[in-house]
Amino acid sequence: MLSAKLPPEKMTAWGWRVPLLLGCVIIPFLFTLRRSLQETDEFKSRKQKPNTSEILRSLTANWGIVVIGTMMVTMTTVSFYMITAYTPTFGNSVLHLANIDSLIVTLCVGASNLFWLPIMGALSDRIGRRPLLFVFTILMLLTPIRPCCGWCANPPSRA
């Protein structure tokens, strides 16, 4: 909305700060929410907190799980930034879309996430998380290898 309402120079000068400030406004709400959540029974029943050497020993003993977890977080982080940061840049510089058009594409992708995430969560409850993680990670890795047609490499010019 800001990109549509503000001229580019104002967006560059101060407009980009508005979403950041709005994000900061919700911090007290998040702290309040975190303080009001109940701890799990397993956590409450713990008599002793692990020390640093116990944590390091656990990480060493479970290095495979740590590596897989790191890879999963990396995949979701890369996917998120590809959608929110790279898509508008690609739309502007390669596809020669107007700023607002690139942002609308990003907004539509975000809105589709609101639709698909609960559906895929229900599907993962039904068939398991592992098959979905493998299939969609492989698809995510294979998708950018080669465009299905030449359109992305040679988009039609805007006349």
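Refer to the preceding data block for the structure.
Predicted, not measured: the structure shown is a model, and the values here were computed from it.

Undergrad: Is there a simple way to think about a nonpolar patch on the surface in this case?
TA: Residues Ile26, Phe29, Leu30, Leu33 and Leu37 make up a contiguous nonpolar surface patch of about 470 Å² in total accessible area. Take Phe29: its relative accessible area is 54%, and that puts it in the exposed class.

Undergrad: Looking at this structure, how should I read the pattern of salt bridges?
TA: Any two side chains of opposite charge can pair, so long as their charged atoms come close to each other. For the structure on display, the rule yields two salt bridges. The partner of Glu39 in a salt bridge is Arg34, and the shortest N-O contact between them spans 3.4 Å. The closest approach of N and O atoms between Asp125 and Arg129, which form a salt bridge, is 2.7 Å. Owing to a relative accessible area of 52%, Arg129 belongs among the exposed residues under this scheme.

Undergrad: Looking at this structure, I do not really get the packing of aromatic side chains. What am I missing?
TA: The description of an aromatic ring pair rests on the distance of the ring centres and on the angle between the ring planes. The final tally for this structure, using the stated rule, is three aromatic pairs. Residues Phe115 and Trp116 carry aromatic rings whose centres are separated by 5.0 Å and whose planes lie at 85° to one another, so their mutual orientation is edge-to-face. Judged by relative accessible area, Trp116 falls into the partly exposed class, the value being 45%.

Undergrad: Help me understand the side chain of Thr106 in this model?
TA: Mapped onto the fold, Thr106 is located in helix α8 (residues 99–127). Leave out the neighbours within four places in its chain, and Thr106 touches Ile83, Thr84, Thr87 and Pro88.

Undergrad: It is not clear to me how the environment of Ser124 should be interpreted in this structure. Could you clarify?
TA: Within the secondary structure, Ser124 is located in helix α8. Among the residues examined, Ser124 registers a relative accessible area of 9% and is labelled buried. Residue contacts for Ser124: discarding those within four places in its chain leaves Arg129 and Leu132.

Calculation notes
- Residues numbered from 1 in each chain as written.
- Predicted model: local features only at pLDDT ≥ 70, side-chain atom pairs only at ≥ 80, totals over all residues.
- Heavy atoms only, no water.
- Patch = residues over 30% accessible without salt bridge, like charges linked within 9 Å, V, L, I, M, F, W, Y side chains within 5 Å.
- Areas by Shrake-Rupley, 256 points an atom, 1.4 Å probe, with all protein chains shown as cover.
- Salt bridge = Lys/Arg side-chain N within 4 Å of Asp/Glu carboxyl O.
- Buried < 20%, exposed > 50% of the residue type's maximum accessible area, 1.4 Å probe, protein only.
- Phe/Tyr/Trp six-rings, centres within 6.5 Å; stacked < 30°, edge-to-face > 60°.
- Helix = DSSP H or I, 4+ residues; strand = E, 2+ residues; numbered from the N terminus.
- Contact = heavy atoms within 4.5 Å.

Without other data, these values stay purely geometric and don't point to any function.
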